[in-house]
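Below are the chains, spelled out letter by letter.
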Amino acid sequence: AAELLGPVAAGRSLTPPDDATSAHRHGAGRQQGASMTTTQRLPWAERRLVTPLLRLLVGRLGLDTDGIRVLEVRGRHSGTWHTTPLKVLTHGAHRHLVSLHGNSDWVRNLRVHPQARLRLGRHLQQVTATELPDHARPPVLDAYLAASRRRTTRQLLTGADERSHQHPVFQLIP
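Residues numbered from 1 in each chain as written. Predicted model: local features only at pLDDT ≥ 70, side-chain atom pairs only at ≥ 80, totals over all residues. Heavy atoms only, no water.

A. Examining the sheet that holds strand β6 (residues 169–173) more closely. The 6 strands are arranged β1-β2-β3-β6-β5-β4 in a closed barrel whose pairing can be described as antiparallel. Put simply, the sheet's adjacent strands are angled 45° from each other on average, direction ignored. Taken together, the 4 bridges between strand β2 (residues 81–91) and strand β3 (residues 94–98) define a ladder with antiparallel strand orientation. Residue pairing for β3: His91 is matched across the bridge by His94. On the sheet, helix α4 (residues 105–112) packs against β1 (68–74), β2, β3, β4 (115–120), β5 (123–131) and β6 and is oriented at approximately 55° with respect to β1. Set on the sheet, helix α5 (residues 138–147) makes contact with β2, β3 and β6; between it and β2 the angle comes to about 90°. (Pairing = 2+ DSSP bridges. Helix = DSSP H or I, 4+ residues; strand = E, 2+ residues; numbered from the N terminus. Axes fitted to C-alpha atoms, helices over the stretch in contact; angles between N-to-C directions. Contact = heavy atoms within 4.5 Å.)

B. Spatial organisation of a nonpolar patch on the surface. On the surface, Trp44, Leu49 and Val50 cluster together into a nonpolar patch covering about 320 Å² of accessible area. Topologically, Leu49 is positioned in helix α3 (residues 44–60). (Patch = residues over 30% accessible without salt bridge, like charges linked within 9 Å, V, L, I, M, F, W, Y side chains within 5 Å. Areas by Shrake-Rupley, 256 points an atom, 1.4 Å probe, with all protein chains shown as cover. Salt bridge = Lys/Arg side-chain N within 4 Å of Asp/Glu carboxyl O.)

C. Inspection of the pattern of salt bridges at higher detail. Following the criterion strictly, the structure yields 9 salt bridges and no others. In this structure, Arg137 and Glu131 form a salt bridge, with 2.9 Å as the shortest nitrogen-oxygen distance. Because the salt bridges share partners, they merge into one network encompassing Arg111, Glu131, Asp134 and Arg137.

D. Broad picture of the pairing of β4. Where β1 lies against β4, 3 bridges are found, and the strand directions are antiparallel. Of the residues in β4, the one forming a bridge with Val70 is Arg119. Of the strand pairs in this sheet, β4 and β5 are connected by 6 bridges, and their pairing is antiparallel. Across the sheet, the residue bridging to Arg119 is Leu124, located in β5. Linking β4 to β5, which pair antiparallel, is a turn of 2 residues; within it Gly121 sits at a positive phi near 65°.

E. Inspection of unusual backbone geometry at higher detail. A positive phi angle, close to 55°, is found at Asp66, a residue other than glycine. As for its position among the elements, Asp66 is in the loop between α3 and β1. A relative accessible area of 37% places Asp66 in the partly exposed class. (Buried < 20%, exposed > 50% of the residue type's maximum accessible area, 1.4 Å probe, protein only.)

Everything listed is a geometric property; what it means functionally is a separate question.
Dropping the structure here:
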């Protein structure tokens, strides 16, 4: 009966345990000087409609849409492959990935497992991603903004020079 009434009635606390695992999950023990970006949740329509549609069109059917590729990266805890459709920006002689929504899952996974794959239909390319420091991000963010046609992307990147720490950027090396 206590189980039906919830954790407090069963004698369990609602607060998380104070151990190393809990501290790690909540951000304690971060490296000194690591950039503190926040995560912005994707809008419902983008999460539930656009992303799955792009996975199908780009990842399965190989439709080249505005430089979008499906990033395949291993999960930082599970090690299983996760897929995310992202725009690959060519700036200068290099290709880059830009996180419009801050410290998202694909960013955290790529930091732990920098070896990843880019998929366009059946074509798979192995890449190694290196994160750019904050001071090297503004030119790439400006190029991304110039290449973007979406209003929401332009709103997220306006004033990116001052907020470059909020948008992780990775350089891709084949």
